[in-house]
Amino acid sequence: AQSVTQLDSHVSVSEGTPVLLRCNYSSSYSPSLFWYVQHPNKGLQLLLKYTSAATLVKGINGFEAEFKKSETSFHLTKPSAHMSDAAEYFCVVTLFTGGGNKLTFGTGTQLKVEL
Amino acid sequence: EAGVAQSPRYKIIEKRQSVAFWCNPISGHATLYWYQQILGQGPKLLIQFQNNGVVDDSQLPKDRFSAERLKGVDSTLKIQPAKLEDSAVYLCASSLVRGPVSYEQYFGPGTRLTVT
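Because the structure is predicted, anything quoted here is derived from the model rather than measured.

Basis of the calculations
Residues numbered from 1 in each chain as written. Chains lettered and ligands numbered in written order. Predicted model: local features only at pLDDT ≥ 70, side-chain atom pairs only at ≥ 80, totals over all residues. Heavy atoms only, no water. Pairing = 2+ DSSP bridges. Helix = DSSP H or I, 4+ residues; strand = E, 2+ residues; numbered from the N terminus. Contact = heavy atoms within 4.5 Å. Buried area = accessible area lost by both parts, 1.4 Å probe. Salt bridge = Lys/Arg side-chain N within 4 Å of Asp/Glu carboxyl O. Polar contact = N/O pair within 3.5 Å; in protein donor to acceptor, adjacent residues only side chain to side chain. Core = buried A, V, L, I, M, F, W, Y, C linked by side-chain atoms within 4.5 Å. Buried < 20%, exposed > 50% of the residue type's maximum accessible area, 1.4 Å probe, protein only. Disulfide = S-S within 2.5 Å.

Trainee: Go over the pairing of strand β9 (residues 73-78) of chain A with me, naming the residues and quoting the values.
Mentor: All names here are of chain A. Summarising the sheet, strand β3 (residues 19-21) and β9 pair through three bridges and their orientation is antiparallel. By the bridge assignment, V19 is partnered in β9 with K78. Where strand β8 (residues 64-68) meets β9, five bridges bridge the pair, whose relative direction is antiparallel. Bridge pairing in β9 links F67 to F74. Counted between consecutive antiparallel strands, the loop separating β8 from β9 contains four residues, among which T72 sits at a positive phi close to 45°.

Trainee: Break down the interface of chain A and chain B for me, with residues and values.
Mentor: Tallying the contact residues gives 18 residues for chain A and 29 residues for chain B. The contact between chain A and chain B buries some 1700 Å² in all, and 50% of this surface belongs to carbon and sulfur atoms. At the boundary of chain A with chain B, the tally comes to zero salt bridges. For the pair chain A and chain B, the number of links is two residue pairs in polar contact (both at pLDDT 80 or more).

Trainee: Give me the lowdown on the nonpolar core, citing residues and values where you can.
Mentor: A general feature of soluble globular proteins is that nonpolar side chains tend to end up buried together. Among the nonpolar cores identified, the biggest contains 26 residues, and W35(A), L48(A), L76(A) and Y89(A) are the most heavily contacted of them. Residues C23(B), L46(B), C92(B) and V115(B) belong to the second largest nonpolar core, which totals 21 residues.

Trainee: An account of the state of the cysteines is requested, with residue identities and associated values reported.
Mentor: Where two cysteines share a covalent bond between their sulfur atoms, that bond is called a disulfide. Tallied over the entire structure, the rule returns two disulfides over all chains. In this model C23(A) forms its disulfide with C91(A); the gap between the sulfur atoms is 2.0 Å. Sign of the S-S torsion, about -70° for the bond between C23(A) and C91(A), identifies this disulfide as left-handed. With C23(A) in strand β4 (residues 23-27) and C91(A) in strand β10 (residues 87-96), this residue pair connects regions lying 68 residues apart in the sequence. C91(A) carries the same exposure label as C23(A), and that label is buried. Note that C23(B) is cross-linked by a disulfide to C92(B), the S-S spacing being 1.9 Å.

Quick look at the structure:
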């Protein structure tokens with residue numbers, strides 16, 4: 001079985017300050033991990049993915065995440081928040097089933113960015 | 001390239017009525033997924049198709065939900081009869097699959113269903 005736990009349901013930061021969204025995973029196999037972002041009334045968009053290559057993964061819009069096997073974590077960070085980053089973020093663990101990837105989503109972290 | 005298309009975007013029905021959602025995946029994508037996203041939760045996979053065959057429907061409530069992908073392209077998801085707890089956003093996604101390598105899932109904008 002596989003699962004992810006997003007440790008914060010809401011995070012609030014000031015514009016220009018660092019962002020940290022925390023995620024812990026559980027997987028019986030070497031996991032592939034993703035972060036998705038969901039803006040209001042828009043589809044989910046892939047931010048970045050870890051697939052057992054480099055442990056520090058860079059994504060779009062200045063986001064990055066570090067895979068730490070010893071801590072079973074895959075936290076999402078960004079050095080400086082922008083107003084446009086306000087959205088819901090999902091940590092996702094995936095299992096390849098032969099016919100495609102089976103994604104298991106966390107419960108989401110709502111990021112609020114204040115002036 | 002065009003993204004994943006879904007319709008309708010919004011639907012309001014009364015409990016015990018039926019409803020159908022439509023999805024058109026990205027051209028050439030063999031794998032199609034339907035997810036249910038209840039308010040405040042992450043999306044949950046309902047069913048996964050590879051071309052027109054079902055790969056995984058273990059979390060589909062088969063007594064009331066059905067889905068088909070007859071020609072391996074478009075798909076429809078139906079609920080009959082609807083219950084209050086079916087109120088959610090229904091997301092469709094598609095991806096390429098080539099051998100053992102699976103690619104990113106691309107999501108549509110979703111259909112927001114309200115059951116009253």
